[in-house]
Amino acid sequence: EYELKSYPGLVHSVNMEEIADVLAFVQRVLPPDDSCKVKLKDPSEMSVKELKAAIRKAGLGSKAVGLMEKGEFVKLLKDHREGKA
């Protein structure tokens, strides 16, 4: 149930009408609770291999250079998730 809409006068930008349509679509399609929320694994429960992969995926590879201990990788990933890194 998708509807293709055009917005007269809108070239390469967004307007409030478009934002309202996107919001209405998302509210209609997504459940009203956290059942579809992505649940990230706690870094302290990850293996070093998982930590390194998560750090690479987050674009933190350069900040992990020289880290040796699992606790250092855990701290880096936790800080990143909390907006500190």
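Placed above this text is the structure.
Residues numbered from 1 in each chain as written. Predicted model: local features only at pLDDT ≥ 70, side-chain atom pairs only at ≥ 80, totals over all residues. Heavy atoms only, no water.

Undergrad: I'd like a description of the nonpolar core, backed by residues and values.
TA: Counting 10 residues, the largest nonpolar core consists of Met-46, Leu-51, Ala-54, Ile-55, Leu-60, Ala-64, Phe-73, Val-74, Leu-76 and Leu-77. Secondary structure elements with two or more residues in this core: α2 (48–57) and α4 (70–81). Take this core: its biggest share by element is 4 residues, from α4. Not counting residues within four places of it along the chain, the set of residues in contact with Leu-60 comprises Ile-55, Leu-76 and His-80. (Core = buried A, V, L, I, M, F, W, Y, C linked by side-chain atoms within 4.5 Å. Buried < 20%, exposed > 50% of the residue type's maximum accessible area, 1.4 Å probe, protein only. Helix = DSSP H or I, 4+ residues; strand = E, 2+ residues; numbered from the N terminus. Contact = heavy atoms within 4.5 Å.)

Undergrad: I'd love a proper account of the pattern of salt bridges, names of residues and values included.
TA: The full count for this structure, using the stated rule, is 4 salt bridges. Here Asp-79 and Lys-75 are joined by a salt bridge, their closest N and O atoms 2.6 Å apart. Of this pair, Asp-79 and Lys-75 both sit in helix α4, 4 residues apart, which is roughly one turn of the helix. Residue Asp-79 is classed as buried on the basis of its relative accessible area of 17%. The salt bridge involving Glu-82 is made with Lys-84; its shortest N-O contact spans 3.1 Å. (Salt bridge = Lys/Arg side-chain N within 4 Å of Asp/Glu carboxyl O.)

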